[in-house]
Amino acid sequence: MPDAMQATLLDAFEKTRSGSKHACYQEIPAPLLPYLANTSLPTLRRYERARLDYVLQRIEVKDRSVLDIGCNSGFFLMEMLQAGARHATGYEGSKDHVQFLEAARAALGLEARLTVNGRYFDFTQDRGHHDIALLLNVLHHVGDDYGDPDLSVQGARAQIIHSLIGMRERCNTLVFQLGFNWKGDRHAGLFEHGTIEEMVAFITDGVRGVWKVRHVGVAEQAQEPDDIVYRDLCPANAHRKDALGEFLNRPLFVLA
């Protein structure tokens, strides 16, 4: 990589690490590790690799088109391209993250395979069809980062289901994750008890007749200390695990 291009990439990466509430949100995708691995800039751990592994074991990515709504710094976009996806399209509302994605796109020579839209996805207006769509931890920000700020919690729940149903005409397979707290506020829970069972029932009932819930992945402590693996929902792991924190209690849905 030319020195000037790497300097641009590093500068853009640095800007994604501060300033936004979604800064430091994703780890560095494997294709960019040779250029960014030595940076000392922080990254929050959201277990992207564990979630990616779960998804790639359950859906076919090779030669598929992928849409990532709220793609942040592009971990899932670039990893899916590396796994063989034909084309990836991302929507991202943060200017700093978009600049980084554009720099990464140029650095990796992905101009023909990666499209970056520097704005929030509009669930009422944006059309187009993809084989696979990723909608990870976006919809609980309705009325906050996007949408009607006057929504109630019940209105937000209805809007979440409406958005999921609307995605049926936009993709064949939807990989979905939702936070328990509306707008990220722990005092505004979307569910009475904040349990995995409540969320699974809410999604399953809400999309019935439109989507089928093919898989539900649940985070579990792996054998190595501080390591996480996602396994299929079962009676043994369906209960909330407070020690893992709110993020790791969010189930990962594959809808088709």
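Here's a quick rundown of the structure. Keep in mind that this is a model prediction, so the values were computed, not measured. Position numbers for residues start from 1 in each chain and track the written sequence from start to end. With the structure being a predicted model, the display of local features is reserved for residues of pLDDT at least 70 and the display and counting of side-chain atom pairs for 80 or more, all residues being used for whole-chain, interface and lining totals. Processing note: side-chain calculations cover all non-hydrogen atoms of the structure and skip hydrogens and water entirely.

Here we look at the side chain of Arg-250
Operational definition: Going along the chain from the N terminus, every DSSP run of H or I of four or more residues is numbered as a helix, and every run of E of two or more is numbered as a strand. Whether a residue is buried, partly exposed or exposed follows from its accessible area with a 1.4 Å probe, protein chains only, as a fraction of its type maximum: under 20%, in between, or over 50%, in that order.
Tracing the backbone shows Arg-250 in the loop between helix H8 (245-248) and strand E8 (252-255). Judged by relative accessible area, which is 9%, Arg-250 ranks as buried.

Digging into helix H5 (residues 95-107)
The test is simple: Residue count minus one, scaled by 1.5 Å, sets the expected span of a helix. Contact between two residues is taken to exist if any of their heavy atoms lie within 4.5 Å; hydrogens are not considered.
Given a rise of 1.5 Å per residue, 13 residues ought to cover 18 Å, and the 18 Å separating the end C-alpha atoms of H5 matches this to within 8%. If you check which residues of H5 are buried, you get His-97, Val-98, Phe-100, Leu-101, Ala-103, Ala-104 and Ala-107. For H5, the secondary structure elements touched by its buried residues are helix H1 (3-16), helix H2 (33-36), helix H4 (75-82) and strand E3 (114-117). Downstream of H5 by a residue or two, Gly-109 has a phi angle that is positive, lying close to 65°.

Let's talk about the pattern of salt bridges
Rule in force here: Criterion for a salt bridge: a side-chain nitrogen of Lys or Arg within 4 Å of a carboxyl oxygen of Asp or Glu.
A complete count under the given rule lists 11 salt bridges for this structure. A salt bridge links Arg-51 to Glu-48; the shortest N-O distance between them is 3.9 Å. Here Arg-51 and its partner Glu-48 are both found in helix H3 (residues 48-56), 3 residues apart, which amounts to about one turn of the helix. Residue class for Arg-51 comes out buried when judged on its relative accessible area of 3%.

Focus on the packing of aromatic side chains
For clarity, the cut-off: Any two rings among Phe, Tyr and Trp, with Trp reduced to its six-membered ring, count as a pair given centres within 6.5 Å; such a pair is stacked if its planes are under 30 degrees apart, edge-to-face if over 60, and tilted if neither.
In this structure the tally under the stated criterion is 8 aromatic pairs. Relative to Phe-100, the ring of Phe-13 has its centre 5.5 Å away and its plane inclined at 50°; by these criteria the two rings are tilted. Linking Phe-13 in helix H1 with Phe-100 in helix H5, this pair joins segments that are 87 residues apart in sequence. Like Phe-100, Phe-13 is buried. Seen in terms of ring centroids, Phe-121 and Phe-123 are 5.0 Å apart; in terms of plane orientation they differ by 75°. Their pairing is edge-to-face.

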